Amino acid sequence: PQLARWRRAAGESLYAAWAWLLFGLFAAPVFLAVCLLPRRERRRRFARRAARLLARFAGVRLAARGLDHLDGPRPRVVVANHQSYLDAYVLTAALPPDLAFVAKRELARNPFARLLLARLGTLLVDRFDAAQGTDDAARALAALRAGESILFFAEGTFGRAPGLLPFQLGAFVTAAAAGVRVVPVAVRGTRSLLRGGEWFPRRGAVEVVVRPPVAPVDCGWSAALALRDAVRAEVLAACGEPDLEAGAKAFAAHSPRLTARAAGR
């Protein structure tokens, strides 16, 4: 048994080294191509091909279901769950190349990342500054009205433990204000490939599940809330992970009783 554990650990370490070597070999040519190609559409198509090729060389089995739900009227808002830093690569490989990703502004602190994201048309948002966040939301709305489709990671972050976090409202307020449909997308498997808080990649399979679009019924706040709840239910049903929001609500509902019991004792 000990020899088997050593052999398994050695295999995992060799795979992690191979994955990082591949990433290093791909990084410079992809960066240069994205910077030099003349049109945003060509840059996104190239990034999609590169992401697919990287997945193939890394031995990641990538499958996508329900892509036909992305057909139809444009623009649209795509909302995905967030399991790992690999999610952006996986969705770049799996989804059509006409989507502008929404990413946290902290990524732009690195000048190379900032240039790469700008060339791909990524929308950067501030998660902590309310005034800046308002401006970011206005830019996202303007992009939608100009015909640009946008992809949000509605949880806003991810953790090591499995589970779907509550969805932030930004994507749904923007979609309701623009009157565009929201397409739910569930990412499965990336958390096992690269867990939060560590940089040790593992071999595995990833699946992207696209669910039927949900259209807003109005442009107001209540419509955004209803849209968020409907889209989150679709993602939760397809992502294969527990509902952390429901668990937190159940704990909050029971905690006063537990506190009272503890006080009585």
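Before reading further, recall that the structure is shown in the block above.
Residues numbered from 1 in each chain as written. Predicted model: local features only at pLDDT ≥ 70, side-chain atom pairs only at ≥ 80, totals over all residues. Heavy atoms only, no water.

**Q** Give a description of a nonpolar patch on the surface that names residues and reports values.
**A** A grouping of Trp18, Leu21, Leu25, Leu53 and Phe57 is seen on the molecular surface, where their side chains present a nonpolar patch of about 480 Å² in accessible area. Every element with two or more residues in the nonpolar patch is listed here: helix 1 (2-36) and helix 2 (40-57). Relative to the helices and strands, Leu21 resides in helix 1. For Leu21, a relative accessible area of 45% gives the class partly exposed. (Patch = residues over 30% accessible without salt bridge, like charges linked within 9 Å, V, L, I, M, F, W, Y side chains within 5 Å. Areas by Shrake-Rupley, 256 points an atom, 1.4 Å probe, with all protein chains shown as cover. Salt bridge = Lys/Arg side-chain N within 4 Å of Asp/Glu carboxyl O. Helix = DSSP H or I, 4+ residues; strand = E, 2+ residues; numbered from the N terminus. Buried < 20%, exposed > 50% of the residue type's maximum accessible area, 1.4 Å probe, protein only.)

**Q** Explain the packing of helix 1 against helix 4 (residues 111-119) to me, using residue names and the numbers behind them.
**A** Relative to each other, helix 1 and helix 4 sit at 50°, their axes nearing to 9 Å. Looking at the two axes, helix 1 sits oblique to helix 4. Read as a crossing pair, helix 1 and helix 4 show a hand that is left-handed. Taking contact as the criterion, the partners of Phe31, Val34, Cys35 and Leu36 in helix 1 are, on helix 4, Phe112, Leu115, Leu116 and Arg119. Tallied by class, residues from the contact of helix 1 with helix 4 come to 7 nonpolar, no polar and 1 charged. (Axes fitted to C-alpha atoms, helices over the stretch in contact; angles between N-to-C directions. Parallel < 35°, antiparallel > 145°, perpendicular 65-115°, else oblique. Left-handed = near helix turned anticlockwise from the far one by under 90°. Contact = heavy atoms within 4.5 Å. Nonpolar A, V, L, I, M, F, W, Y, C, P; charged D, E, K, R; others polar.)

**Q** Break down helix 2 for me, citing the residues and quoting the values.
**A** Look at helix 2: 26 Å from first C-alpha to last across 18 residues, which is about the 26 Å you get at 1.5 Å a residue. Taken as a whole, helix 2 has its buried residues at Arg43, Arg44, Ala47, Ala50, Ala51, Leu54 and Ala55. Within helix 2, the buried residues cover an arc of 135° as seen down the axis, which keeps them to one side. Turned more than 90 degrees off the buried face of helix 2, the exposed positions are Arg49 and Arg56. Each element contacted by the buried residues of helix 2 is listed here: helix 1, helix 3 (87-94), strand 3 (99-104) and helix 4. Backbone geometry just after helix 2 places Gly59 at a positive phi near 75°. (Expected span 1.5 Å × (residues − 1). Arc of directions from axis to C-beta.)

**Q** Residue-level account of the layout of surface pockets, with values.
**A** The gaps of empty space that remain are located by a probe, the size of a water molecule, rolled over the atoms. Considering only enclosed or pocket space, the second largest pocket measures out at about 160 Å³ in volume. As for the second largest pocket, its lining consists of Arg52, Ala55, Arg56, Val60, Leu62, Ala64, Ala93 and Ala94. Listing elements by their share of the lining of the second largest pocket, those giving two or more residues are helix 2, strand 1 (61-65) and helix 3. Grouping the amino acids of the lining of the second largest pocket by side-chain chemistry returns 6 nonpolar, no polar and 2 charged. (1 Å grid on protein atoms, 1.4 Å probe; cavity = no way out; pocket = protein on both sides within 12 Å on 5 of 7 lines; lining within 4 Å. Points joined across faces, edges and corners; volume = space filled by probe spheres on them.)

**Q** Which residues make up unusual backbone geometry, and what values go with them?
**A** A cis amide bond, omega 0°, links Arg74 with the succeeding residue Pro75. Checked against the element boundaries, Pro75 lands in the loop between strand 1 and strand 2 (77-80).

**Q** Could you give an account of the pattern of salt bridges, with specific residues and numbers?
**A** In the structure shown here, the tally under the stated rule is 15 salt bridges. With a shortest N-O distance of 2.7 Å, Arg105 and Asp136 are connected by a salt bridge. Here Asp136 lies in helix 5 (residues 130-145) and Arg105 lies in the loop between strand 3 and helix 4, a separation of 31 residues in the sequence. The partly exposed category is assigned to Arg105, whose relative accessible area is 28%.

**Q** A description of the side chain of Asn81 should follow, citing residues and the corresponding values.
**A** With respect to the element layout, Asn81 can be found in the loop between strand 2 and helix 3. Look at Asn81 and you get buried, because its relative accessible area is 1%. A polar side-chain atom of Asn81 sits 2.6 Å from the main-chain amide nitrogen of Val187. Dropping the residues within four chain positions of it, Asn81 is found in contact with Asp87, Phe153, Glu155, Leu164, Val185, Ala186, Val187, Val235 and Cys239. (Polar contact = N/O pair within 3.5 Å; in protein donor to acceptor, adjacent residues only side chain to side chain.)

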